[in-house]
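Reading the structure
So the chains spell out like this:
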Protein chains: 2
Amino acid sequence: MTEADGIRIQRPTRELTEKIADTLRFLSADQVQKANSGHPGMPMGAAEIAATLLTRLKIDPRDEKWFNRDRFILSAGHASSLLYSMLCLAGFLTLDDLRDFRQLGSRTPGHPEYGVTPGVDASTGPLGAGLAMAVGMATAQSALAEIYNTPKFDIIDHFTYALAGDGCLMEGVAYEAMSLAGHLGLGRLIVIYDSNSISIDGATDITFTEDVEGRARAMDWQVLAVDGHDVGALSDAIDRAREDATHPSLIVARTTIAKGSPNKAGKASSHGAPLGAEELAAAKAARGWPLDDFHIPAEVAAYFDIRRGEWLAWRQEWNRRYAQYEKKHHALAKELSRVLAGDPPKQWKNAVAPFPSDKPIANRAAGGRVLNQLAAVIPELIGGSADLTPANLTAINSGDNPEFLNKGVFLGRNLHFGVREHAMGCFVNGMALYGGFIPFCATFLAFHDYMRPALRLAALMRLRSIFVYTHDSFMVGEDGPTHQPVEQLASLRTIPRLHVWRPADANETIFAWQAAIERRDGPTAICLSRQELPVLDRSILAPARETLKGMYILEPETGGTADILIVASGGEVALALATAAALRERGRRVRVTSAPCLEAFKLQAEGYRKKILPRRIRKRLVIEAGVIQGWEGILGDTGVFVGLDDFGHSGKPAALSEKLGFSAAAVIEKIDQAGW
Amino acid sequence: MTEADGIRIQRPTRELTEKIADTLRFLSADQVQKANSGHPGMPMGAAEIAATLLTRLKIDPRDEKWFNRDRFILSAGHASSLLYSMLCLAGFLTLDDLRDFRQLGSRTPGHPEYGVTPGVDASTGPLGAGLAMAVGMATAQSALAEIYNTPKFDIIDHFTYALAGDGCLMEGVAYEAMSLAGHLGLGRLIVIYDSNSISIDGATDITFTEDVEGRARAMDWQVLAVDGHDVGALSDAIDRAREDATHPSLIVARTTIAKGSPNKAGKASSHGAPLGAEELAAAKAARGWPLDDFHIPAEVAAYFDIRRGEWLAWRQEWNRRYAQYEKKHHALAKELSRVLAGDPPKQWKNAVAPFPSDKPIANRAAGGRVLNQLAAVIPELIGGSADLTPANLTAINSGDNPEFLNKGVFLGRNLHFGVREHAMGCFVNGMALYGGFIPFCATFLAFHDYMRPALRLAALMRLRSIFVYTHDSFMVGEDGPTHQPVEQLASLRTIPRLHVWRPADANETIFAWQAAIERRDGPTAICLSRQELPVLDRSILAPARETLKGMYILEPETGGTADILIVASGGEVALALATAAALRERGRRVRVTSAPCLEAFKLQAEGYRKKILPRRIRKRLVIEAGVIQGWEGILGDTGVFVGLDDFGHSGKPAALSEKLGFSAAAVIEKIDQAGW
């Protein structure tokens, strides 16, 4: 048969596909057995799904980053051995890689890791997240296709597949993502649900008895139910899923976990522990499979030799098309190449005008203005809020196509994520993984908690995901403790590889955004005030570009060596300056240091860091409207901390400041108590 | 008409109910207007829902904690002014309370706060969480009724109501909770969905177009759709919801946000900002309402005067029934009174046997044994895992009714939460709020991230929720970085009021559990190792009961004042002891301190704290397999930290220990580098 792009492909016979399935089944079980660790149940149960999918995927092991490849996310990351078996047959991995399964330093870690294993499109393991990332990817694809495809050139025309299990479907993040995907009508998204009715605790009927098909239909998905061991039915379902261009498809594939294992098939005990040598041998015998480890039948190997040729031909054909596209649509192709490389347009930094210091502005409002100035010159900057757009002030009103992205409106640049913080975070990660966009999302800082697993994955995968968190302190005011962050700044800073910015004013906000966009090796959180803040007068204070160093001397001491160092972040920098002024009136030599990003500061040269935190200044005062954690290293043995150690209250911001001790008078009282 | 318990109640006429609705509508709008802050849209739109519900609720303002009262959770917490208006008419709050809306120190904070406002059954505001807590409450109710009701005495026979908005329904946690509620068949749970099709960003059709009714039906809920401004239809729907004893009910009430406001009804602009004096006056005029603030029509006041009499009669009738029940079922009543008071049976601490030090045991296994010994004597100890029971080892196999709790099996003590961490946390909070149980839940420490908002709410409400987190370090091994906690201990410790235990061995685990159960003013997290750990020999080390102090000298220095203090937690305590032994061979005077709970330590007297962290020992070594945050205060200016500053790897635990520097030799090398 032929595909739309004219390349002949050879669909394997049912018999051969079933042999491929058994190959995947036993390669996977062998990995787990050899490692004596891992999850054989789903790989054995989903072997027919994997075999069918593998014979349909458009990928190329010779170029694992080929842009128009089909994406495949194993949302049920514990079935990693199955993915590695697929990648081995396809030619991305070797049998030696499989033999190294789960060993330190191997290319086949316990759960799939993006950047570690060629052919792995996302790190998965935390359940549901993979499916949500796939939704982000499929959206990125549709949006990019809308921009860059032309009537004659469908240069982006692949599919995004995800394989999910019962555990994924139970997670709230998967529901949120599926609801959004149904709303957006992501016709290029195909999720296969390995419905084996077994979870770790036992049969899913102990807790998960909902009608998943009905639920998916209620979310406007095409739902196709098949016997997950019938390769013909699976292939037909994939055909039908591909044909529906306006709905995401859920293929519900009913399977038996650990299929092929005489004594463990259908049982929870097969989920997360090796079968045991004896049972594995019995399974192989029962299916007429050679008993030797890591066996690949000659006809299977031969098929994939041919298949690799087809994949290469496919990619070469695409390359030819792309070369024509480049010729015909030179500017478009150049732009596509730029956005795929992840490089913003030259001179983008010049788009942002500094803020004058004559009137105050809330950092969230400053952030919105900066975002818009950047968006006007960086068309790939795209994002939205979890239903807090008018509060986060993250609407893009500038540039081309400022309207919102929706079903059939994939040119829009504003995404309405709905009140779905967790899926939003994963979605943005999916867009970042896909490429072509610099995605951001936004909510209140207090509600960062809802999406924390997405930040961890972004950090783990070193993605350029940008998380905007406004309403960054108790100065939220009347909405009260549920809406007032207290521990969030500290808890964000615990996440390795995440950079957490909390600018002091509008001009620091410019550089926080700049740093987020420049950063290529990890995610950024930008925490912005709800309340108005003075725009610091840079004619008498340090220039705002110093922000990029993470910590810098905002207002140096005068009249000799400083005896007090005040360090503050965000809205509390203004209080630090006021406190310093009051202390100077009392004859103290005070230095004020702004600390917009502790992680960026840690990357500075040692000499600079010593200059900013000189050992000789032992009277260190830190002011931040949050818990002390993360500041104790700077405070040292003799520092004083002005912050919070309990939740906030509902009340007017001024009343809260007074009650919580955030005034120069209260700070100075604390200093006096310390005997400074 | 009469209710089942024989008390005559007077259903207000349609006309009167509509007047009550308008009273609630304008009392709410007046609060927001006077505070010049808040959310008038939903209170005005859901006024008929609130009025109908209020005339059906079985509560008593004279005893806000009356145990058999109906529970009412305003899941859409931003509609707090509506709840306060209801509580004012009912007699829990005064008009002066309403005038104080959102002011610091008032009983009417911006979002409902449990413990602050009489009649508020849960703190809400973070969307979806209220609905999930209601599911926990309704389960607790069903379970308690199963245990304590007798054929003649339905002493627990109330309903649990929740009012949710579009935002709640969009959240993954609400989906998870609804799926679980449908599975459990919670016939006493009635959720009213104020479907006003407006969210902050605009009409919900910009992002939330799923068929909510179809989705709820797919989860085995009874679904009733009504005009949310038709008090008759609402009342009928509540009747039907109450009649279905085996399914939770979702009443989809279609409403117009800000109903009654001539220019803002149906608009997103009414969601989160006051109407403005002019518009509010126009609204009142349009509905023929007096323009004066906080108006309560005489007939409405009179109705609630009568109503309060009925409520009192209801409660007195229940008291009479309960007195008979006490006589007839003396032991049962005594037990019920005990569990409702939250006091475990006397001598419960004696149930747990110490662990011998002759063989190692994983803390998770020790935790499972302790849990079972406690469960055998504390029948109200109940809980489960998010589908990791065989890994968390949290199954209760002892005591009465160890089977699992399920639809129609409400005697069981093991809950299968499914892979629904976030709902699980909220569920446990709901049980803790309800009373009668000491609830716990469990998952891997790395997946704490999924349920973080639930921990925050538990802390905010000071609930005795117990969170068990096993697999507490990279020693998870082959499952790799997605499953290995690195930042989680630190991030847990950032949450105010939460106590985080990480015991060093099996016997410390006993006291961690003991502390969790003894604690009455906040939640506890118990972090337990996956790997086997030596059981410390208490004949030569400090007694294990010292654990309760949070930090204690496990192995004092000998031969003079210590020059090195080693502090460690969890599995790293054994490494601390080994390191100390090696250092002593080199002639150093080393003290080893175990730090199972930094929060408990902070509650010790200053004298004790100074003894544990004497200023004179400046060479402080801290060992914990996590990030440094939270330890810097103890490390001081001269300490050395052995921990992690990046994510882990997939590999055998021993290989990871080696690579990451968790061996006595590697620690000593670090000390040597520090020039100690």
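Predicted model, so just to flag it, every value in this text is computed and none were measured.

Reading the values: the criteria
- Residues numbered from 1 in each chain as written.
- Chains lettered and ligands numbered in written order.
- Predicted model: local features only at pLDDT ≥ 70, side-chain atom pairs only at ≥ 80, totals over all residues.
- Heavy atoms only, no water.
- Contact = heavy atoms within 4.5 Å.
- Buried area = accessible area lost by both parts, 1.4 Å probe.
- Salt bridge = Lys/Arg side-chain N within 4 Å of Asp/Glu carboxyl O.
- Polar contact = N/O pair within 3.5 Å; in protein donor to acceptor, adjacent residues only side chain to side chain.
- Buried < 20%, exposed > 50% of the residue type's maximum accessible area, 1.4 Å probe, protein only.
- Helix = DSSP H or I, 4+ residues; strand = E, 2+ residues; numbered from the N terminus.
- Expected span 1.5 Å × (residues − 1).
- Core = buried A, V, L, I, M, F, W, Y, C linked by side-chain atoms within 4.5 Å.
- Axes fitted to C-alpha atoms, helices over the stretch in contact; angles between N-to-C directions.
- Parallel < 35°, antiparallel > 145°, perpendicular 65-115°, else oblique.
- Left-handed = near helix turned anticlockwise from the far one by under 90°.
- Pairing = 2+ DSSP bridges.
- Nonpolar A, V, L, I, M, F, W, Y, C, P; charged D, E, K, R; others polar.
- Least-squares fit on C-alpha atoms with pLDDT ≥ 70 in both.
- Phe/Tyr/Trp six-rings, centres within 6.5 Å; stacked < 30°, edge-to-face > 60°.
- Lys NZ or Arg CZ within 6 Å of the ring centre and 35° of its normal.
- pLDDT = per-residue confidence, 0-100.
- Domains from an automatic or database assignment.

**With respect to the interface of chain B and chain A**
Taken together, the contacts link 99 residues of chain B with 99 residues of chain A. For the pair chain B and chain A, the summed buried surface comes to about 8100 Å²; carbon and sulfur atoms form 53% of the total. At the junction of chain B and chain A, the tally comes to 10 salt bridges. A:Arg102 serves as the salt-bridge partner of B:Asp479, at 2.6 Å between the closest nitrogen and oxygen. Summed over the shared surface of chain B and chain A, the result is 58 residue pairs in polar contact (both at pLDDT 80 or more).

**Here we look at unusual backbone geometry**
Here the phi dihedral of A:Arg497 falls at roughly 75°; this positive angle occurs in a residue that is not glycine. Judged by relative accessible area, A:Arg497 falls into the partly exposed class, the value being 22%. The backbone of B:Arg102 shows a phi angle near 70°, a positive value even though the residue is not glycine. Mapped onto the secondary structure, B:Arg102 falls in the loop between helix H5 (95-99) and helix H6 (129-148). Here B:Arg102 falls in the buried class, since its relative accessible area comes to 2%.

**Re helix H8 (residues 172-184) of chain B**
Residue and element names in this part refer to chain B. With 13 residues, H8 extends 18 Å between its outermost C-alpha atoms, agreeing within 8% with the 18 Å of an ideal straight helix rising 1.5 Å per residue. Among the 13 residues of H8, 13 are classified as buried, and the element is accordingly described as predominantly covered. Where H8 ends, the next residue or the one after it, Gly185, has phi of about 65°, a positive value.

**Comments concerning the nonpolar core**
Counting residues in each nonpolar core, the largest one holds 297 residues, and the members touching the most others are A:Trp221 and B:Trp221. The contact partners of B:Trp221, leaving out residues within four places of it in the chain, are B:Met178, B:Ala181, B:Gly182, B:Leu189, B:Val191, B:Ala216, B:Pro248, B:Ser249 and B:Leu250.

**Digging into the packing of helix H6 (residues 129-148) of chain A against helix H16 (residues 421-434) of chain A**
Residues and elements named next belong to chain A. Following both chains from N to C, one finds H6 and H16 inclined at 55°, their axes separated by 7 Å at the closest point. Considering the angle they form, H6 stands oblique to H16. Crossing handedness for the pair H6 and H16: right-handed. Facing Ala129, Ala132, Met133, Val135, Gly136, Met137, Thr139, Ala140, Gln141 and Leu144 of H6, the residues of H16 in contact are Cys426, Phe427, Asn429, Gly430, Met431, Leu433 and Tyr434.

**Some details on the sheet that holds strand E15 (residues 524-528) of chain A**
Residue and element names in this part refer to chain A. Taken together, the seven strands give an open sheet; going across it, the order is E10-E11-E9-E12-E13-E15-E14, and neighbouring strands pair in parallel fashion. A strand with exactly one partner marks an edge of an open sheet, and here the two such strands are strand E10 (404-405) and strand E14 (499-501). Across two bridges, E10 lies against strand E11 (residues 414-416) in parallel orientation. Bridging from a neighbouring strand, Leu405 pairs with Leu415 of E11.

**Details of the packing of helix H1 (residues 14-35) of chain A against helix H12 (residues 298-328) of chain A**
All names here are of chain A. In contact at an axis separation of 10 Å, H1 and H12 are set at 105° when each is read in the N-to-C sense. Between H1 and H12, the crossing angle belongs to the class labelled roughly perpendicular. Along the contact surface, H1 presents Leu16, Lys19, Ile20 and Thr23, while H12 presents Glu299, Val300, Tyr303 and Phe304. Of the residues in the contact of H1 with H12, the class split is five nonpolar, one polar and two charged.

**So, the relation of the copies chain B and chain A**
Take chain B, turn it by 180°, move it 0.0 Å along the axis, and it overlays chain A with an RMSD of 0.0 Å. Expressed as an axis order, the relation between the two copies is that of a two-fold axis. Among all C-alpha atoms of chain B, that of B:Gly172 lies closest to the rotation axis, at 1.8 Å. By residue overlap, the copies meet face to face through one surface: 100% of the interface positions of chain B are interface positions in chain A.

**A few points about the sheet that holds strand E12 (residues 438-444) of chain B**
Residue and element names in this part refer to chain B. The sheet built from seven strands is open, its strands ordered E10-E11-E9-E12-E13-E15-E14 with parallel pairing. Of all the strands in the sheet, the pair left with one neighbour each is strand E10 (404-405) and strand E14 (499-501). In the sheet, strand E9 (residues 381-385) pairs with strand E11 (residues 414-416) via three bridges, with the strands oriented parallel. Looking at the pairing, Gly384 lines up with Leu415 of E11. Each of E9, E12, strand E13 (466-470), E14 and strand E15 (524-528) touches helix H19 (residues 506-518); the most contacted strand, E15, lies at about 165° to it.

**Let's talk about the pairing of strand E20 (residues 620-623) of chain B**
Residue and element names in this part refer to chain B. Burial along E20 is two-sided: the face carrying Arg620 and Val622 and the face carrying Leu621 and Ile623 are both buried. Sheet analysis places strand E18 (residues 564-568) next to E20, joined by four bridges and oriented parallel. Opposite Leu565, over in E20, you have Arg620 as the bridge partner. One ladder, built from three bridges, connects E20 with strand E21 (residues 640-642); its direction is parallel. Within E21, the residue paired with Val622 across the bridge is Phe641.

**Brief notes about helix H13 (residues 330-341) of chain A**
Residues and elements named next belong to chain A. In a regular helix each residue adds 1.5 Å, so 12 residues correspond to 16 Å; H13 covers 16 Å between its end C-alpha atoms and thus fits that length. Where H13 is concerned, the buried positions are Ala333, Leu336, Arg338 and Val339. Turning to H13, the residues buried within the fold contact H6 and H12. Gly342, located one to two residues past H13, shows a positive phi value of around 85°.

**Quick word on the packing of aromatic side chains**
Each aromatic ring pair is characterised by the separation of its centres together with the angle its planes make. Per the counting criterion, the structure on display carries 33 aromatic pairs over all chains. Aromatic side chains A:Phe417 and A:Phe427 sit 5.1 Å apart centroid to centroid with 80° between the ring planes, which places their arrangement in the edge-to-face category. One end of the pair, A:Phe417, is in the loop between E11 and H16; the other, A:Phe427, is in helix H16, and 10 residues separate them in sequence. Of the two residues, A:Phe417 and A:Phe427, neither departs from the other in class, the shared state being buried. Linked through ring pairs, A:Trp66, A:Phe153, A:Trp318, A:Tyr322 and A:Tyr325 together constitute an aromatic cluster. The ring of B:Phe159 is capped by B:Arg188, whose NZ or CZ atom sits 4.5 Å from the centre of that ring.

**Regarding the environment of A:Val352**
Residue and element names in this part refer to chain A. In this fold, Val352 is placed in the loop between H13 and strand E8 (361-362). Val352 gets classed as buried once you look at its relative accessible area, which sits at 13%. Between the alpha carbons of Val352 and Ala376 there is a distance of 9.8 Å; along the sequence they are 24 residues apart. In this view, Val352 contacts Val370, Gln373, Leu374 and Ile510; residues no more than four positions away in its chain are not counted.

**A word on the environment of B:Ile564**
Residues and elements named next belong to chain B. Position of Ile564 among the secondary structure elements: in strand E18. Ile564 sits in the buried class, given a relative accessible area of 0%. The sequence separation of Ile564 and Ile192 amounts to 372 residues, and the corresponding C-alpha distance is 62 Å. With near-sequence residues (within four places) excluded, Ile564 lies in contact with Leu583, Arg588, Arg589, Val590, Arg591, Ile617, Lys619 and Trp676.

**Side note on the confidence of the model for chain A**
Of all residues in chain A, 99% have pLDDT values of 70 or greater, and the mean over the chain is 96. In the model output, the complex is listed with pTM 0.98 alongside ipTM 0.97.

**Examining the domain arrangement of chain A**
Residues and elements named next belong to chain A. In terms of domains, chain A is made up of domain 1 (2-316), domain 2 (348-533) and domain 3 (547-673). When each unit is reduced to the centre of its C-alpha atoms, the spacing between domain 2 and domain 3 is 25 Å. A buried area of about 2600 Å², summed over both sides, lies between domain 2 and domain 3, and 62% of it is on carbon and sulfur atoms. Among the residues of domain 2 in contact with domain 3, Phe474, Val486 and Arg502 are the three that bury the most area, contributing 27% of the side total. Along the contact surface separating domain 2 from domain 3 lie two salt bridges. In this structure, Glu624 and Arg493 form a salt bridge, with 2.7 Å as the shortest nitrogen-oxygen distance. Summed over the shared surface of domain 2 and domain 3, the result is 12 residue pairs in polar contact (both at pLDDT 80 or more). Of all the secondary-structure elements, those providing two or more residues to the side of domain 2 that touches domain 3 are helix H18 (488-493), E14 and helix H19 (506-518). Classifying every residue of the side of domain 2 that touches domain 3 by side-chain character gives 15 nonpolar, eight polar and five charged.

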